[in-house]
Amino acid sequence: QVQLVESGGGLVQAGGSLRLSCAASGSVFSIMTMGWYRQAPGKQRELVATITNFGSPNYADSMKGRFTISRDNAKNTVFLQMNSLKPEDTAVYYCNARIVPTGIPRWDDYWGQGTQVTVSS
């Protein structure tokens, strides 16, 4: 069984920074793309950023220049460094990973439980 566990959310003032982490554990054979999505109250879940297993990042336009995604393949972990946070960044942030489990000849998308990020004005 595969699990994604997020950490690092919390309450921060506008202009501040937070760093989210997400670690994959369990029967992980290989991990392809990893990424972060967010969902604000009353809104649909939206892309924040993704990163390939080769380290190539992709950002939603509104996050470019403020957020940085990175990963540690040896630790099956993806990070999201968030700077210059704004109140509109308030949301539940979800980790996503495309994983091939051990002994299963296909990939599947896995999600973390979500971590709350609240930015006060």
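Refer to the structure above for everything that follows.
Residues numbered from 1 in each chain as written. Predicted model: local features only at pLDDT ≥ 70, side-chain atom pairs only at ≥ 80, totals over all residues. Heavy atoms only, no water.

**Student:** I would appreciate a short explanation of the overall build of the protein chain in the present structure.
**Tutor:** When helices and strands are counted, the protein chain shows 0 helices and 11 strands. When the elements of the protein chain are put in sequence order from the N terminus, they spell out β-β-β-β-β-β-β-β-β-β-β. In terms of C-alpha radius of gyration, the protein chain reaches 14 Å, essentially the compact-globule figure of 14 Å for 121 residues. Overall, the C-alpha framework of the protein chain stretches about 50 × 25 × 25 Å when taken along its three principal axes. Across the protein chain, every contact between residues at least 6 apart in sequence was considered, and the portion connecting residues at least 24 apart equals 55%. Carbon and sulfur atoms make up 49% of the accessible area of the protein chain, which totals about 6500 Å². (Helix = DSSP H or I, 4+ residues; strand = E, 2+ residues; numbered from the N terminus. Rg over C-alpha atoms; globule rule 2.2 N^0.38 Å. Contact = heavy atoms within 4.5 Å. Areas by Shrake-Rupley, 256 points an atom, 1.4 Å probe, with all protein chains shown as cover.)

**Student:** Is there a simple way to explain unusual backbone geometry in this structure?
**Tutor:** The bulk of non-glycine residues show a negative phi, and the bulk of peptide bonds are trans. In this model, Asn-76 sits at a positive phi of 50 degrees, which is unusual for a non-glycine residue. Structurally, Asn-76 is set in the loop between β7 (67-72) and β8 (77-82). Its identity as a non-glycine residue notwithstanding, Ser-84 has a phi of 50 degrees, on the positive side. The topology assignment puts Ser-84 in the loop between β8 and β9 (91-101).

**Student:** Would you explain the pairing of β7 in this entry?
**Tutor:** Look at any regular strand and the pattern is simple: side chains alternate between the two faces of the sheet. Judged by which residues are buried, β7 turns out to be one-sided: Phe-67, Ile-69 and Arg-71 face inward and are buried, whereas Thr-68, Ser-70 and Asp-72, on the alternate face, are not. Pairing of β7 with β8 involves 6 bridges; the strand directions are antiparallel. Residue Arg-71 lies in a different strand from β8, and its bridge partner there is Val-78. Between β7 and β8, which follow one another and run antiparallel, lie 4 residues, and Asn-76 among them has a positive phi close to 50 degrees. (Buried < 20%, exposed > 50% of the residue type's maximum accessible area, 1.4 Å probe, protein only. Pairing = 2+ DSSP bridges.)

**Student:** Would you mind going over the packing of aromatic side chains with me for this structure?
**Tutor:** Here a ring pair, both rings aromatic, is described through the centre-centre distance and the interplanar angle of the planes. For the structure shown, the criterion picks out 1 aromatic pair. Across the ring face of Phe-79, the terminal group of Arg-19 is positioned such that the distance to the ring centre comes to 4.2 Å. (Phe/Tyr/Trp six-rings, centres within 6.5 Å; stacked < 30°, edge-to-face > 60°. Lys NZ or Arg CZ within 6 Å of the ring centre and 35° of its normal.)

**Student:** Quick question: what am I supposed to make of the sheet that holds β7 here?
**Tutor:** To summarise the sheet geometry, strands pair through backbone hydrogen bonds and adopt either a parallel or an antiparallel arrangement. An order of β1-β3-β8-β7 is seen for the 4 strands of this open sheet, with the pairing classed as antiparallel. Here the strands that pair on one side only, and so sit at the sheet edges, are β1 (2-7) and β7. On average, each strand axis in the sheet is tilted by 15 degrees relative to the strand beside it, whichever way the strands run. Sheet topology places β1 next to strand β3 (residues 18-26); 6 bridges connect them, and they run antiparallel. (Axes fitted to C-alpha atoms, helices over the stretch in contact; angles between N-to-C directions.)

**Student:** Teacher, can you tell me more about the pairing of strand β4 (residues 28-39) here?
**Tutor:** As defined by bridge partners, β4 adjoins β9 across 9 bridges and the pair is classed as antiparallel. Across the sheet, Trp-36 pairs through a bridge with Cys-95, a residue of β9. Pairing of β4 with strand β5 (residues 46-51), which is carried by 5 bridges, proceeds in the antiparallel orientation. When the sheet's bridge partners are listed, Gly-35 is paired in β5 with Thr-50.

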